[in-house]
Amino acid sequence: MINTIGLGIYRMANILIAGCGDIGNRLGVNLAADGHKVWGLKRNTATLAPQIQPLPGDLQRPDNLNLPQEQLDYVVYSAAADAYSEAHYRAAYVDGVANLLTVLAAVGQQPRRILLVSSTSVYPQQQGEWVDEDSPAVPTGFSGRLIREGEELLWNGPYPATVVRFGGIYGPGRTRLIDSVRDGTARCVQGVYSNRIHSQDCARALQHLMALDEPELLYLGVDDDPALSCDVMRWLAERLDVAGPQVVAHRDDAQKRQPGNKRCRNTRLRASGYEFLYPGYQQGYTAILKGST
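Residue positions are given per chain, counting from 1 as you read along its sequence in written order. Thresholds applied to this predicted model are a pLDDT of at least 70 for local features of residues and 80 or more for the giving and counting of side-chain atom pairs; totals over whole chains, interfaces and linings are not thresholded and use all residues. To get the side-chain values, all heavy atoms of the structure are used, and hydrogens and water are removed first.

Draft legend 1. Looking closely at the pairing of strand β2 (residues 37-42). Among the 6 residues of β2, 5 are classified as buried, and the element is accordingly described as predominantly covered. Both strand β1 (residues 14-18) and β2 contribute to a ladder of 5 bridges, which runs parallel. Within β2, the position partnered with A18 by the bridge is L41. Read as a crossover between parallel neighbours, the route from β1 over helix α2 (residues 22-33) to β2 is right-handed. Burial here depends on accessible area, computed with a 1.4 Å probe over protein chains only, as a share of the maximum for the residue type. Under 20% is buried, over 50% is exposed, and the range in between is partly exposed. Segments assigned H or I by DSSP are reported as helices when at least four residues long, segments assigned E as strands when at least two residues long, and all are numbered from the N terminus. When DSSP locates at least two bridges between a pair of strands, those strands are taken to pair. Viewed with both strands pointing away, a crossover whose connecting path from the first strand over the helix to the second turns clockwise is right-handed.

This is how it looks when you write it as C-alpha cells:
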C-alpha cells in the first residue's frame, strides 16, 4: 500500500505535472483518485485523462508557460525528448527545466518539492557492474550528459528536489520488445544486462516519494530483476510460441541508444517502503500479454 503521510498533511494538495505524457497521466489519475487537484501542462492537452486539469503550455517558451493561480504543493517534471538528437534532448532536459524554474520563481510559487523523471542511461558502466545511487554517473553520450545537466539544474535550484532515474519503461502501449520478438526481428548480445520498470510502477513510485516527508535527493527506479536481455527475449518467445531472438556479436546503431551493460539496484527505493506491483519482468509482461493494464 502506498504511504500517504507526506501528502496527508494537506486535505487536498495542488500538483503540477509538467510534460504530462503516459507516466504523467497515470500519476495524475492516481493522485486525483486520492483527492488531490492535478494540472497537466503540455502543448496538446487533448491526450490528458479527464481527471487532470488541462494547462496548455510549452516548456520551450517561457512566455507561453502558464501556471495555475493556486499555490502549488508539488511539481513533477516528466517531459521527454521529441526525438533522439542533441537539440531535442537539450530542449527537454535542460531548457525546459531552466524555463520552468524561472517561471515558478517569477510568479512566486513555492512548491514543497519538485520531482524529476530521469533515466538510468546516465550510468555509462559496460561490464555488467552493479549500480546504485552512489555509483559514478559520468555519461559519454549526449543524451546522458544533457539529462545529467538537467538534474544538476534542479538540485541547484531554489526548491527541494528529488530525481528518479528510471530504467527501461514498459507497459501497455510500450510493447516494442514484445512486438520485435513476435515478428522475429528481436536481436540481443549475449551477456548484456537490461533494467526495466513497469509504467504503473513508475507512477506509483513517484506518488509514494511525494508522500514521504523527507525523501532522498536521488532514487533508482527499477524493479527487483535486472536480467540478461537474451533471457528476457527467450522468455517472451516461449510465451508467444515463436522462435527466440537472434544472438549477435554487437549492438547496431539503434540499440546503442539504450543504456549500457549494468545491473541497477533498487535498494534505496525499497527501503523507503515502496512495494512493487510488478517486481520483475515476468509478472509485468505476463500482465501485458493477458491484456491487463
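Draft legend 2. Quick peek at the state of the cysteines. Cysteine sulfurs are considered disulfide-paired once they come within 2.5 Å of each other. Across all of its chains, the model carries 1 disulfide by this definition. Of all cysteine sulfurs, the one in C264 lies closest to C202, which takes part in no disulfide; the gap is 13 Å. Assessed through its relative accessible area of 2%, C264 is described here as buried.

Draft legend 3. Main features of the packing of helix α7 (residues 229-240) against helix α9 (residues 281-289). Angles run from 0 to 180 degrees between N-to-C directions of axes, and those axes are lines fitted to C-alpha atoms, restricted for helices to the stretch in contact. At a minimum axis distance of 11 Å, the contact between α7 and α9 shows a crossing angle of 35 degrees. As for how α7 packs across α9, the hand of that crossing is right-handed. Contact with α7, carried on its side by D231, V232, W235, L236, R239 and L240, involves Y281, Q282, Y285, T286 and L289 of α9 and no other residues of that element. Three residue categories are used. Nonpolar comprises Ala, Val, Leu, Ile, Met, Phe, Trp, Tyr, Cys and Pro, charged comprises Asp, Glu, Lys and Arg, and polar comprises the others, including Gly. When grouped by side-chain class, the residues that make up the contact of α7 with α9 number 7 nonpolar, 2 polar and 2 charged. Here a crossing is taken to be left-handed if its near helix is turned anticlockwise relative to the far helix by less than a right angle, and right-handed if that turn runs clockwise. Should any heavy atoms of two residues lie within 4.5 Å, those residues are counted as being in contact.

Draft legend 4. Main features of the sheet that holds strand β4 (residues 74-77). Read from one edge to the other, the open sheet built from 7 strands follows the order β3-β2-β1-β4-β5-β7-β12, with strand pairing classed as parallel. The two strands at the open ends of the sheet, each matched to only one other strand, are β3 (53-56) and β12 (218-221). Each neighbouring strand pair of the sheet contributes to a mean axis angle of 20 degrees, computed without reference to strand direction. Pairing between β4 and strand β5 (residues 113-119): 4 bridges, direction parallel. Each residue of the ladder has a partner; that of V75, found in β5, is I114.

Draft legend 5. Structural view of the packing of helix α3 (residues 86-106) against helix α4 (residues 142-155). It is at 9 Å that the axes of α3 and α4 come closest, and there the two elements cross at 5 degrees. Taken together, the axes of α3 and α4 are roughly parallel relative to one another. Taking contact as the criterion, the partners of E86, Y89, R90, Y93, V94, V97, A98 and L101 in α3 are, on α4, F142, S143, L146, I147, E149, G150, L153 and L154. When the residues that make up the contact of α3 with α4 are grouped by side-chain class, the tally is 11 nonpolar, 2 polar and 3 charged. Geometric relationships in this document are graded by angle, where less than 35 degrees denotes roughly parallel, more than 145 denotes roughly antiparallel, 65 to 115 denotes roughly perpendicular, and other angles denote oblique.

Draft legend 6. Local environment of the pairing of β5. β5 sits mainly inside the fold: 7 of its 7 residues count as buried. Here β5 shows no split at all, with R113, L115, V117 and S119 on one side and I114, L116 and S118 on the other all buried. The parallel pair β4 and β5, bridged by α3, forms a crossover whose chirality is right-handed. In this structure, β5 lies alongside strand β7 (residues 161-166), joined through 6 bridges in parallel fashion. Following the sheet pairing, S119 is matched in β7 by F166.

Draft legend 7. View of the side chain of S272. In this structure, S272 sits in the loop between α8 (267-271) and α9. Judged by its relative accessible area of 19%, S272 falls in the buried class. Polar contact criterion, stated in full: a pair of N or O atoms within 3.5 Å, where within protein one must be able to donate a hydrogen and the other to accept it, and residues adjacent in sequence count only if both atoms are side-chain atoms. A polar side-chain atom of S272 sits 2.9 Å from a polar atom in the side chain of H208. The contact partners of S272, leaving out residues within four places of it in the chain, are H208, L209, L212 and Y219.

Draft legend 8. Quick look at α7. With 12 residues, α7 should cover 16 Å at 1.5 Å per step; its first-to-last C-alpha distance of 17 Å lies within 8% of that length. Listed as buried for α7 are S229, C230, V232, M233, W235, L236, A237 and L240. Count one or two residues on from α7 and you reach D241, which has phi positive near 60 degrees. In a helix, the anticipated span is given by 1.5 Å times the number of residues less one.

Geometry only, nothing functional implied.
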